[in-house]
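# Close look at the chain arrangement
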Amino acid sequence: AQSVTQPDIHITVSEGASLELRCNYSYGATPYLFWYVQSPGQGLQLLLKYFSGDTLVQGIKGFEAEFKRSQSSFNLRKPSVHWSDAAEYFCAVGARSGRDDKIIFGKGTRLHILP
Amino acid sequence: GAGVSQTPSNKVTEKGKYVELRCDPISGHTALYWYRQSLGQGPEFLIYFQGTGAADDSGLPNDRFFAVRPEGSVSTLKIQRTERGDSAVYLCASSLQGGDTDTQYFGPGTRLTVL
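Here is what the cut-offs are and how they apply
- Residues numbered from 1 in each chain as written.
- Chains lettered and ligands numbered in written order.
- Predicted model: local features only at pLDDT ≥ 70, side-chain atom pairs only at ≥ 80, totals over all residues.
- Heavy atoms only, no water.
- Phe/Tyr/Trp six-rings, centres within 6.5 Å; stacked < 30°, edge-to-face > 60°.
- Helix = DSSP H or I, 4+ residues; strand = E, 2+ residues; numbered from the N terminus.
- Buried < 20%, exposed > 50% of the residue type's maximum accessible area, 1.4 Å probe, protein only.
- Contact = heavy atoms within 4.5 Å.
- Buried area = accessible area lost by both parts, 1.4 Å probe.
- Salt bridge = Lys/Arg side-chain N within 4 Å of Asp/Glu carboxyl O.

On to the packing of aromatic side chains, then. One pass over the full model with this rule turns up 16 aromatic pairs over all chains. Judged by centre distance (5.6 Å) and plane angle (90°), the ring pair of Phe105 of chain A and Tyr35 of chain B falls under edge-to-face. Of this pair, Phe105 of chain A sits in strand E11 (residues 103-105) while Tyr35 of chain B sits in strand E4 (residues 31-37), which puts the two residues in different chains. A relative accessible area of 8% places Phe105 of chain A in the buried class. Through a chain of ring-to-ring contacts, three or more aromatic side chains come together here, namely Tyr32, Phe34, Tyr36, Phe51, Phe90 and Phe105 of chain A together with Tyr33, Tyr35, Phe45, Tyr48 and Phe106 of chain B.

Below is the structure:
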């Protein structure tokens, strides 16, 4: 079964600084990988996803993530954060087995932005 | 509709009572998912519908939890004999066809509090 670990519960960065949120997954094959963002009172919004092909994935709001098979990682990055990026971020992994459509989420990383 | 909607947004009930949570998926989406998000955790898969049938209910914690989708659109998650441990945000998501590569769109959730 697949699993995902987000090692950082909280991350604080200054506005305008670069950001990297870590995500490690466990799965026997190449997984499907996702990053979602959850703002207070809002539903989960998909930032980006990786299924195959180019390992550097571009998403919405200026985010990108890189799939590194050797490290079992899918870290999320943004070159310059804005105050509106303060939210909870979830990495998720999906299985590639035929009828298994489950997505397994990490526990999340809460991003705080300093003015 | 424009997005996934869930009602009520908040539900407070007493231990032992029965509750129903409703999800209206995006029009035309055949796949519907229920997740539960406890405080400080990521969403946890409960059940997945493809059309009217439950394709995967392996995430339902026990037989007090049940979900239906009788006409392949709206779904209701039913919890019998509620317990304090059932307190969480219940999230619904839908996708166009289901399957590993289909993006899931989430609703804002129903916050259930069991006193």
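Attention shifts here to the environment of Gly16 of chain A. Residues and elements named next belong to chain A. In this structure, Gly16 sits in the loop between strand E2 (10-14) and strand E3 (19-21). Relative accessible area serves as the criterion here: at 41%, Gly16 is assigned to the partly exposed category. Among all residues touching Gly16, those that are not within four sequence positions of it are Pro79, Ser80 and Val81.

Here we take up the interface of chain A and chain B. Counting residues at the interface gives 20 residues for chain A, matched by 21 residues for chain B. Buried surface at the junction of chain A and chain B, both sides included, amounts to about 1,700 Å², of which 52% is carbon and sulfur. In this structure, the connection of chain A to chain B is made through 0 salt bridges. Contributing elements (two or more residues each) for the side of chain A that touches chain B: strand E5 (32-38), strand E6 (45-50) and E11 of chain A.

Pro8 of chain B follows Thr7 of chain B through a cis peptide bond whose omega is -10°. With respect to the helices and strands, Pro8 of chain B occurs in the loop between strand E1 (5-7) and strand E2 (10-13). Phi is positive for Lys61 of chain A, which is not a glycine, with a value near 60°. Examined against the element boundaries, Lys61 of chain A turns out to sit in the loop between strand E7 (56-58) and strand E8 (64-68). Of note in this structure, Arg81 of chain B is not a glycine but carries a positive phi near 45°. Inspection of the secondary structure assignment puts Arg81 of chain B in the loop between strand E8 (75-79) and strand E9 (88-95).

Bear in mind that shape data such as this cannot, by itself, settle questions of function.
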